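So the chains spell out like this:
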There are 2 protein chains.
Amino acid sequence: MVQHQTHHLDAVFHALADPTRRHMLRRLAEGEQSVGELAAPFQMSFAGASKHVRTLENAGLVRRTVRGRTHICRLEPAPLEAADEWLRFYERFWGERLDALERELKKPETTTPSGGCDD
Amino acid sequence: MVQHQTHHLDAVFHALADPTRRHMLRRLAEGEQSVGELAAPFQMSFAGASKHVRTLENAGLVRRTVRGRTHICRLEPAPLEAADEWLRFYERFWGERLDALERELKKPETTTPSGGCDD
DNA sequence: CAGTTGCTAAACTAATTGGTTGAATATCTA
DNA sequence: TAGATATTCAACCAATTAGTTTAGCAACTG
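What counts and how
- Residues numbered from 1 in each chain as written.
- Chains lettered and ligands numbered in written order.
- Predicted model: local features only at pLDDT ≥ 70, side-chain atom pairs only at ≥ 80, totals over all residues.
- Heavy atoms only, no water.
- Helix = DSSP H or I, 4+ residues; strand = E, 2+ residues; numbered from the N terminus.
- Buried < 20%, exposed > 50% of the residue type's maximum accessible area, 1.4 Å probe, protein only.
- Contact = heavy atoms within 4.5 Å.
- Areas by Shrake-Rupley, 256 points an atom, 1.4 Å probe, with all protein chains shown as cover.
- Buried area = accessible area lost by both parts, 1.4 Å probe.
- Salt bridge = Lys/Arg side-chain N within 4 Å of Asp/Glu carboxyl O.
- Polar contact = N/O pair within 3.5 Å; in protein donor to acceptor, adjacent residues only side chain to side chain.

K.L.:
Honestly, the overall build of chain A in this entry has me stumped. Any pointers?
P.N.:
Along chain A, the regular secondary structure elements total 6 helices and 3 strands. Start at the N end of chain A and walk to the C end: the helices and strands fall as α-α-β-α-α-β-β-α-α. Here chain A holds 119 residues, and 39% of them are scored as buried. Nonlocal contacts in chain A, meaning residues at least 24 apart in sequence, comprise 50% of its contacts between residues at least 6 apart. When the accessible surface of chain A is totalled, it reaches about 6900 Å², and 51% of it is carbon and sulfur.

This is how it looks when you write it as structure tokens:
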């Protein structure tokens, strides 16, 4: 099983907390993109966009392959899955009836059903 | 239907990008907590923790009711659902076979199946 | 070879962040 | 009323961030 450490989530959520970077991920969902292609839609300087790609890469959301002089990026879904997993802990709070979940949660000392040390 | 605007996600993901705040949310999943109770487990100053609660509140993740001199916080799941919804767009990238999804994604000009203007 | 292209690196700025402390406010309690 | 409790507010600091510009480095192209 993949270890979802807390500082991973820090980086992942932080990377997602920016519209430019989220937009880049959406583009990458359509297929591989060079840094230049990723940067193109934005007003900002090329170097600026390149830094966004870098933070995505540092968060593990993007993997880069250098082919010639162009850097080809592709989506790395694992950290997104980790983030989703974290979020889904709260799934019962939406959708479900509230009184039902209150009963569920009042069961004493069932600290974390998923048994993790994550926060 | 709830409108999930981009700046909402900015604030939500940013709020989640901090272990202290994620920890607070976990505590709130067990039930209502006062700001003091939320602050207690942490080394930092009370005012510091109070600021974290505030950012959670600003992101819409926490709702506060003032009862007497204590502020009672409870979890507000809607933004978590919005974040999860955003993440689940990428669900096919994990779990699913990769070649299958490549075929799916190569369907030309199906920009965003969920039909939104979100990023 | 010279020039252009794709990209990173470095240095800088302005704004934001996470944290502190000390004071202010309001509520409960003796 | 006086004091303790629960909390925010304001001012401040150090570190980080998002952005810029300029320069540099490979790798293609003629």
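K.L.:
Just checking my understanding: could you explain the interface of chain A and chain B for this structure?
P.N.:
One frequent convention defines the size of an interface as the accessible area lost when the parts assemble. The interface is formed by 34 residues belonging to chain A together with 34 residues belonging to chain B. Both faces combined, the contact of chain A with chain B buries some 3400 Å², and carbon together with sulfur accounts for 63% of it. Taken together, the links from chain A to chain B amount to 4 salt bridges. The salt bridge partner of Arg22 of chain A is Asp10 of chain B, with a shortest N-O separation of 2.8 Å. In this structure, the connection of chain A to chain B is made through 6 residue pairs in polar contact (both at pLDDT 80 or more).

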